[in-house]
Amino acid sequence: MAIATTSPVTGEVLRRFEELTPEELEDKLARAAAAAASYRLTSVEERAAWLQHAAERLEKEIESVSRMITTEMGKTFRAAEEEVAKCIHGLRFYAAEGPAFLRDLDADAGRVGAKQAFVSHQPIGVVLAVMPWNLPLWQAMRFAAPALMAGNVGLLKHASNVPQCALYLEELFRDAGFPQDVFQTLLISAKRVEQVLRDPRVAAATLTGSEPAGRSVATIAGNEIKKVVLELGGSDPFIVMPSTDLERATDVAVKARCLNNGQSCINAKRFFVHQDIADSFIDMFVAKMGALVVGDPMDEGTDVGPLATESGRQDVMAYVDDAVGKGATVLLGGERPDGPGWFYPPTVLTGVTPEMRMYHEEVFGPVAQVWAVPSLEEALREANGHPYGLGSNLWTEDEAERELFVRDVQSGMAFVNGNTTSYPEIPFGGVKRSGYGRELSDLGMREFMNAKTVWIGQDA
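Now for a look at the structure at hand. Sequence positions are assigned chain by chain, starting from 1 and proceeding in written order. Reporting in this predicted model follows two pLDDT cut-offs: at least 70 for local features of residues, and 80 or more for side-chain atom pairs to be given and counted; totals over whole chains, interfaces and linings ignore these cut-offs and use all residues. The side-chain figures draw on all heavy atoms in the structure; neither hydrogens nor water molecules are used.

### Remarks on the overall build of the protein
No. 1: Helix numbers and strand numbers start at the N terminus; a helix is a DSSP run of H or I with at least 4 residues, a strand a run of E with at least 2. Across its full length, the protein holds 15 helices and 20 strands.
No. 2: When we talk radius of gyration, it's over C-alpha atoms, and the globule rule is simply 2.2 Å times the number of residues to the 0.38. The C-alpha radius of gyration of the protein comes to 23 Å, within 12% of the 23 Å expected for a compact globule of 460 residues.
No. 3: The dimensions of the protein, computed from C-alpha atoms along their principal axes, are 75 × 55 × 40 Å.
No. 4: Put simply, the protein has 460 residues, and 58% of those count as buried.
No. 5: Note on definitions: a residue-residue contact is assigned when non-hydrogen atoms from the two residues lie within 4.5 Å. Restricting to contacts in the protein with at least 6 residues of sequence separation, those with at least 24 account for 72%.
No. 6: Using the Shrake-Rupley algorithm and a 1.4 Å probe, accessible areas are obtained, with residue cover drawn only from the displayed protein chains. For the protein, the accessible area works out to roughly 18,600 Å², and carbon and sulfur atoms hold 51% of it.
No. 7: The distance from the centre of the 44 positive side-chain charges to the centre of the 64 negative ones in the protein is 5 Å. Only protein chains enter the accessibility calculation, which uses a 1.4 Å probe. A residue is then buried if its area is under 20% of the maximum for its type, exposed if over 50%, and partly exposed in between. For the purpose of charge, His is not counted, nor are the chain termini; Lys and Arg are scored as positive and Asp and Glu as negative. Taken as the charge location is NZ of Lys, CZ of Arg, CG of Asp or CD of Glu.

### Examining the packing of helix H2 (residues 44-60) against helix H5 (residues 138-150)
No. 1: Interaxial angle, 0 to 180 degrees, is taken between N-to-C directions of lines fitted to C-alpha atoms, where a helix line uses only the stretch in contact. It is the contact of H2 with H5, at a shortest axis distance of 8 Å, that shows an interaxial angle of 150°. Classified by the angle between their axes, H2 and H5 sit roughly antiparallel to one another. When H2 is examined against H5, the residues Val44, Arg47, Ala48, Leu51 and Leu58 are found in contact with a partner set consisting of Met141, Ala145, Leu148, Met149 and Ala150.
No. 2: Broken down by class, the residue content of the contact of H2 with H5 amounts to 9 nonpolar, no polar and 1 charged. Angles below 35 degrees are treated as roughly parallel, those above 145 as roughly antiparallel, those between 65 and 115 as roughly perpendicular, and all remaining angles as oblique. All residues other than Ala, Val, Leu, Ile, Met, Phe, Trp, Tyr, Cys, Pro, Asp, Glu, Lys and Arg, Gly among them, are scored as polar; the first ten of these are nonpolar and the last four charged.

### Digging into H5
No. 1: Given a helix with a known number of residues, its expected span is that number minus one, times 1.5 Å. Between the first and last C-alpha of H5 there are 18 Å, a value that for 13 residues agrees with the 18 Å anticipated at 1.5 Å per step.
No. 2: Along H5, 13 of the 13 residues are buried, which leaves the element largely enclosed by surrounding structure.
No. 3: With its phi angle positive at about 100°, Gly151 sits one or two positions after the end of H5.

### Digging into the pairing of strand S4 (residues 116-123)
No. 1: Both strand S3 (residues 105-106) and S4 contribute to a ladder of 2 bridges, which runs antiparallel. Each bridged residue has a counterpart across the sheet, and for Leu105 the counterpart in S4 is Val119.
No. 2: The pairing of S4 with strand S20 (residues 449-456) spans 8 bridges and is classified as antiparallel. Among the inter-strand pairings, His121 is bridged to a residue of S20, identified as Ala451. Strand pairing is assigned whenever DSSP detects at least two bridges linking the two strands.

### Structural notes on the pattern of salt bridges
No. 1: We count a salt bridge whenever a side-chain nitrogen from Lys or Arg sits within 4 Å of a carboxyl oxygen from Asp or Glu. With the rule as written, the count across this model stands at 35 salt bridges.
No. 2: Among the salt bridges present, the one from Asp175 reaches Arg57, with a minimum N-O distance of 2.3 Å. Here the residue Asp175 occupies a position in helix H6 (residues 163-175), and Arg57 occupies one in helix H2, the gap between them amounting to 118 residues.
No. 3: On the accessibility criterion, Asp175 (46% relative accessible area) is partly exposed.
No. 4: Notably, a salt bridge pairs Arg111 with Asp108, separated by 3.6 Å at the nearest N-O pair.
No. 5: One salt-bridge network, held together by shared partners, links Lys28, Arg57, Glu61, Glu170, Glu171, Arg174 and Asp175.

### Looking at the sheet that holds strand S6 (residues 153-157)
No. 1: Overall, mixed pairing links the 6 strands, which are arranged S7-S6-S5-S8-S9-S19 in an open sheet. The outermost strands of the open sheet, each flanked by one partner alone, are strand S7 (183-185) and strand S19 (435-436).
No. 2: The pairing of strand S5 (residues 126-130) with S6 spans 5 bridges and is classified as parallel. Of the residues in S6, the one forming a bridge with Leu128 is Leu155.
No. 3: Sheet contacts for helix H1 (residues 22-39): S5, S6, S7 and strand S8 (202-208); angle to S6, the most-contacted strand, approximately 150°.

### Section: the sheet that holds S3
No. 1: Spatially, S3-S4-S20 is the arrangement adopted by the 3 strands of the open sheet, whose pairing is antiparallel. Edge positions in the sheet fall to S3 and S20, since each has one partner strand and no second.

### Observations concerning the side chain of Lys226
No. 1: Locating Lys226 in the fold gives a position in the loop between helix H8 (211-224) and strand S9 (227-231).
No. 2: With no salt bridge to any partner, buried Lys226 finds its closest opposite charge in Glu224, at an N-O distance of 5.0 Å.
No. 3: What qualifies as a polar contact is a pair of N or O atoms within 3.5 Å, subject to a donor-acceptor requirement within protein and to the restriction that residues adjacent in sequence count only when both atoms come from side chains. Here Asp199 takes part through its backbone oxygen, which lies 2.6 Å from a polar atom of the side chain of Lys226.
No. 4: Within the structure, the side chain of Lys226 is placed 2.7 Å from the backbone oxygen of Val202, a separation counted as a polar contact.
No. 5: Residue contacts for Lys226: discarding those within four places in its chain leaves Leu197, Arg198, Asp199, Pro200, Val202, Ala203 and Ala221.

### What about empty space enclosed by the protein?
Regions of empty space are outlined by a rolling probe, equal in size to a water molecule, passed over the atoms.
No. 1: Think of a 1 Å grid over just the protein atoms. A cavity is a set of points where a 1.4 Å probe fits yet cannot get out, a pocket is an open set with protein on both sides within 12 Å along at least five of seven lines, and lining residues have an atom within 4 Å of a point. Grid points are joined across faces, edges and corners, and a volume is the space filled by probe spheres set on the points. Following the criterion strictly, the structure yields 4 cavities of 30 Å³ or more and no others.
No. 2: The space that makes up the largest cavity amounts to roughly 80 Å³.
No. 3: Forming the walls of the largest cavity are 13 residues, and the residues nearest its centre are Arg142, Phe143, Pro146, Gly444 and Phe448.
No. 4: When residues in the lining of the largest cavity are grouped by element, the largest group, 4 residues, is from H5.
No. 5: For the lining of the largest cavity, the residue count by class is 7 nonpolar, 2 polar and 4 charged.

### With respect to the nonpolar core
No. 1: Working definition of a nonpolar core: buried Ala, Val, Leu, Ile, Met, Phe, Trp, Tyr and Cys residues. They are joined through side-chain atoms within 4.5 Å. The biggest cluster of nonpolar side chains holds 88 residues, and the ones touching the most others in it are Leu58, Leu128, Met141 and Phe173.
No. 2: Take this core: its biggest share by element is 10 residues, from H5.
No. 3: Setting aside chain neighbours within four positions, we find Leu128 in contact with Leu155, Lys157, Leu186, Val193, Val196, Leu197, Val202, Ala204, Ala205 and Thr206.
No. 4: By size, the runner-up hydrophobic cluster in this structure holds 28 residues, among which are Tyr319, Val352, Val373 and Leu404.

### Focus on the environment of Ala383
No. 1: Relative to the helices and strands, Ala383 is located in helix H13 (residues 376-384).
No. 2: In contact with Ala383, other than residues within four places in its own chain, are Pro237, Arg270 and Phe272.

### Some thoughts on the layout of surface pockets
No. 1: One number sums up the size of the largest pocket: a volume of about 1,100 Å³.
No. 2: For the largest pocket, the lining is made up of 44 residues, of which Pro132, Trp133, Gly209, Ser210 and Ala213 are closest to its centre.
No. 3: Of the residues belonging to the lining of the largest pocket, the class tally is 22 nonpolar, 14 polar and 8 charged.
No. 4: Its volume calculated, the second largest pocket comes out at about 740 Å³.

By themselves, these figures tell us nothing about what the structure is for.
Right, here's the structure in full:
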């Protein structure tokens, strides 16, 4: 895939970028290793100040950066502004809380026969981040902010269709005052990730992307005995029970399915609704999905922009066509619109069965599957039958149902009466084929640190 900015609105290639030569890549790896040797010795106060400076600059440039995001991957300008705001919050969170996360953790010295015993969390060095295009700043930022605060050095291999966002991040951290080469962008193709990950100067990797990409990176990292964090997508369940407020639940259901033009791993994709309220839910949900405005993402009135790539739209169309051909019912949408760009309408399906691909796989676009279920237990059985386990969502006012859901849903995150999202303050990640490891919070920072046990004996 060429490294280029291609408008999802028109399909026009706006700008092309040259891939790094072998010599240029080697130079970047050497400079990253040299930077890691000295950066680890900087103080937490210095790192926190640099993160604050990055937040301040990003805040001043929020409009231009949001336009860049929308231009490259097609999300609405409003959604891009929200993404940049989240990045600013993430930078400030780690600047404020990072020093506390990095403090030594005391152990009971007496129990281990020591004068002093504690755990020191220390940086591991150069970390490679392989990131997707759907949240081109936030996905990278939720790695970069904690990693840089921890004293690690970052190498970003971003998706090939968001090169301007990738280069901007390198510029942002450099201009914020971080030492030279502490964060670098690698404009390389996916096939060269293996070379970088196998390089002995690279200590670990984090990847957000597809299951096949995660399997490849995990295999390479395992062979090299290197730590890796994987976030590999999801087909999140959204369960609705009779006690909930249907008006609010359907409002959030529409947002949960169509946020980011339906292209988010934590978008709700499978809706399980109690049979007593299923007809009412479906009527309200379909009406609200149908009211969404599909169009130019730069227009204020647009709710859903184009899909980010032509191949992405083809994939969504193939999932829908497969389901319809095998008996699913289309309640809304389901047809490719005429005209330029990679638009696809909000779509609602019922009657999805295990013979259909979308029953088992992730549909990365504004397509919702709805089932009527007789109980929460049945909803959980269906939800847990999927190979992914990233986020999950329950709508109920019944405390017993909440407790059952939290206990039994097989997911890395469980949200009750609110939309699944990511916050710097709490861990983010999944189970099963959604990957392993955690991003964000103190857990995300410590994924790429050496928890070094320190034991100091009694004086002789």
